[in-house]
Amino acid sequence: MNTIAAAVTTAAPEIKAKHATMWALGDYPAVAHEVIAPTGPRLVEAVGIQSGERVLDIAAGDGNASVPAAERGASVVASDLTPELLEAGRARTAGSGLDIAWQAADAEALPFSDGEFDVAISCVGIMFAPFHEAAARELVRVVRPGGRIGLLAWTPEGFIGEMFKIMKPFAPTPPPGAQPAVLWGSEAHVRELLGERVELTFRKELLDVRRFGSGAEFRDFFKRTYGPTIVTYRGIADQPERVAELDRELEALGERYRDGDLVQLEYLLTTGTVR
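Residues numbered from 1 in each chain as written. Predicted model: local features only at pLDDT ≥ 70, side-chain atom pairs only at ≥ 80, totals over all residues. Heavy atoms only, no water.

## Overview of the environment of Leu262
Phase 1 of the analysis: Within the fold, Leu262 resides in the loop between α12 (240-257) and β7 (263-274).
Phase 2 of the analysis: In this structure Leu262 comes out as buried when scored by relative accessible area, which is 14%.
Phase 3 of the analysis: Taking the C-alpha atoms as reference points, Leu262 and Met127, 135 residues apart in sequence, are found 25 Å from one another.
Phase 4 of the analysis: Not counting the four nearest positions on each side in its chain, Leu262 is found in contact with Asp208, Val209, Arg210 and Tyr257. (Helix = DSSP H or I, 4+ residues; strand = E, 2+ residues; numbered from the N terminus. Buried < 20%, exposed > 50% of the residue type's maximum accessible area, 1.4 Å probe, protein only. Contact = heavy atoms within 4.5 Å.)

Okay, structure coming up:
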């Protein structure tokens, strides 16, 4: 285990427990399949996963990227901090014949050997590990020299970045040293984390979502399904005026970005070769 990652994990077990619980709330697989389903295949395509490669999917959820990677013939380890999401993935792929091992793991302290994988990927997953340097070190450590990484993360200035900006004043205070998830959607931040160890390439792209007919429909869907939104609302549940304020702001966000039934979500696609 990487020393820095081990120290982070030892110092903050309660943070890990809270994160695991948060992502088990609601129905994240509904978000993955009804809203962001194309992101997994797009990431797998961008990193060029091939048959026979050993692939680690970090913070895999129920397999949005793991499944298309395995469909290409790769041997995939789908890792996640939240057991409930791993169980959903196992159920989703039962009987499929795909080579996927579902394994509980912390992105900041991965239980794998140095250079064990040909490719490591994460589709809007590793970005939510609170301590970015530890997660970045682990990401690179487990990939062999000459192997590849592929990351897809929401940008700070895009729709999801705006959603987190709106929720921040209403949300619980993050732990000391934690960094905002959407920084992984900033090229400068990713270069700072990985640039000395990985030869990097970046692309900003848009995901077309045709799921919400109104800002209120978007807001209510995320209130029902998305762990970070659920936790934010629970924290202010005894303050009805603040609940109403957050309701209005999230509905307005959905309306501002909506063009008919189309909402576009901006993400940063990072690919690279480990030096």
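Once the structure has been displayed, the description carries forward.
## Some details on the packing of aromatic side chains
Phase 1 of the analysis: Evaluation of the coordinates by the stated rule reveals 15 aromatic pairs.
Phase 2 of the analysis: Pairing Phe222 with Tyr226 gives two aromatic rings, centres 5.2 Å apart and planes at 70 degrees, and the pair type is edge-to-face. Each member of the pair Phe222 and Tyr226 is classed as buried.
Phase 3 of the analysis: Feature note: the residues Trp23, Tyr28, Phe128, Phe159, Phe164, Phe212, Phe218, Phe221, Phe222, Tyr226 and Tyr257 constitute an aromatic cluster, connected by ring pairs. (Phe/Tyr/Trp six-rings, centres within 6.5 Å; stacked < 30°, edge-to-face > 60°.)

## Description of the nonpolar core
Here is a general trend for soluble globular proteins: nonpolar side chains tend to be buried in one another's company.
Phase 1 of the analysis: Counting 88 residues, the largest nonpolar core has Met163, Trp184, Leu194 and Leu265 as the members making the most contacts within it.
Phase 2 of the analysis: Once you skip the residues sitting within four places of it in the chain, Trp184 turns out to touch Ile126, Met127, His132, Ala135, Ala136, Leu151, Ala153, His189, Val190, Leu193, Leu194 and Leu268. (Core = buried A, V, L, I, M, F, W, Y, C linked by side-chain atoms within 4.5 Å.)

## Considering the environment of Ala88
Phase 1 of the analysis: As for its position among the elements, Ala88 is in helix α6 (residues 83-93).
Phase 2 of the analysis: Classification of Ala88 by relative accessible area gives partly exposed; the value is 25%.
Phase 3 of the analysis: In this structure, the C-alpha to C-alpha distance between Ala88 and Leu151, residues 63 residues apart in sequence, is 22 Å.

## Structural notes on the pattern of salt bridges
Phase 1 of the analysis: Within this structure, the stated rule accounts for 25 salt bridges.
Phase 2 of the analysis: One salt bridge in this structure joins Arg191 and Glu187, with 3.2 Å as the shortest N-O distance. Here the residue Arg191 and the residue Glu187 both occupy positions in helix α9 (residues 187-194), the gap between them amounting to four residues, near one helical turn.
Phase 3 of the analysis: By relative accessible area, which is 43% here, Arg191 ends up partly exposed.
Phase 4 of the analysis: On the accessibility criterion, Glu187 (35% relative accessible area) is partly exposed. (Salt bridge = Lys/Arg side-chain N within 4 Å of Asp/Glu carboxyl O.)

## Examining the side chain of Asp118
Phase 1 of the analysis: Tracing the chain through its elements places Asp118 in strand β4 (residues 117-123).
Phase 2 of the analysis: At 2.8 Å, the side chain of Asp118 and the side chain of Arg144 are in polar contact.
Phase 3 of the analysis: The contact partners of Asp118, leaving out residues within four places of it in the chain, are Glu53, Arg54, Val143, Arg144, Gly147 and Arg148. (Polar contact = N/O pair within 3.5 Å; in protein donor to acceptor, adjacent residues only side chain to side chain.)

## A closer look at the sheet that holds strand β6 (residues 198-209)
Phase 1 of the analysis: Pairing within the open sheet is mixed, and its seven strands lie in the order β3-β2-β1-β4-β5-β7-β6. Every other strand in the sheet has two partners, leaving β3 (100-104) and β6 as the edge strands with one partner each. Taken over all neighbouring pairs, the strand axes of this sheet differ in orientation by 15 degrees on average, direction set aside.
Phase 2 of the analysis: By the bridge criterion, seven bridges tie strand β5 (residues 143-154) to β7 in an arrangement that is antiparallel. For Ala153, the partnering residue across the bridge sits in β7 and is Leu268.
Phase 3 of the analysis: Packed onto the sheet, α6 meets β2 (75-80) and β3 and runs at close to 165 degrees relative to β3. (Pairing = 2+ DSSP bridges. Axes fitted to C-alpha atoms, helices over the stretch in contact; angles between N-to-C directions.)

## Let's talk about unusual backbone geometry
Phase 1 of the analysis: Positive phi outside glycine occurs at Ala59, with the angle close to 55 degrees.
Phase 2 of the analysis: Mapped onto the elements, Ala59 comes out in the loop between β1 (54-57) and α5 (66-71).
Phase 3 of the analysis: Owing to a relative accessible area of 23%, Ala59 belongs among the partly exposed residues under this scheme.
Phase 4 of the analysis: Residue Val124 is not a glycine yet carries a positive backbone phi of 40 degrees.
Phase 5 of the analysis: Accessibility expressed as a relative area gives 6% for Val124, which makes it buried.

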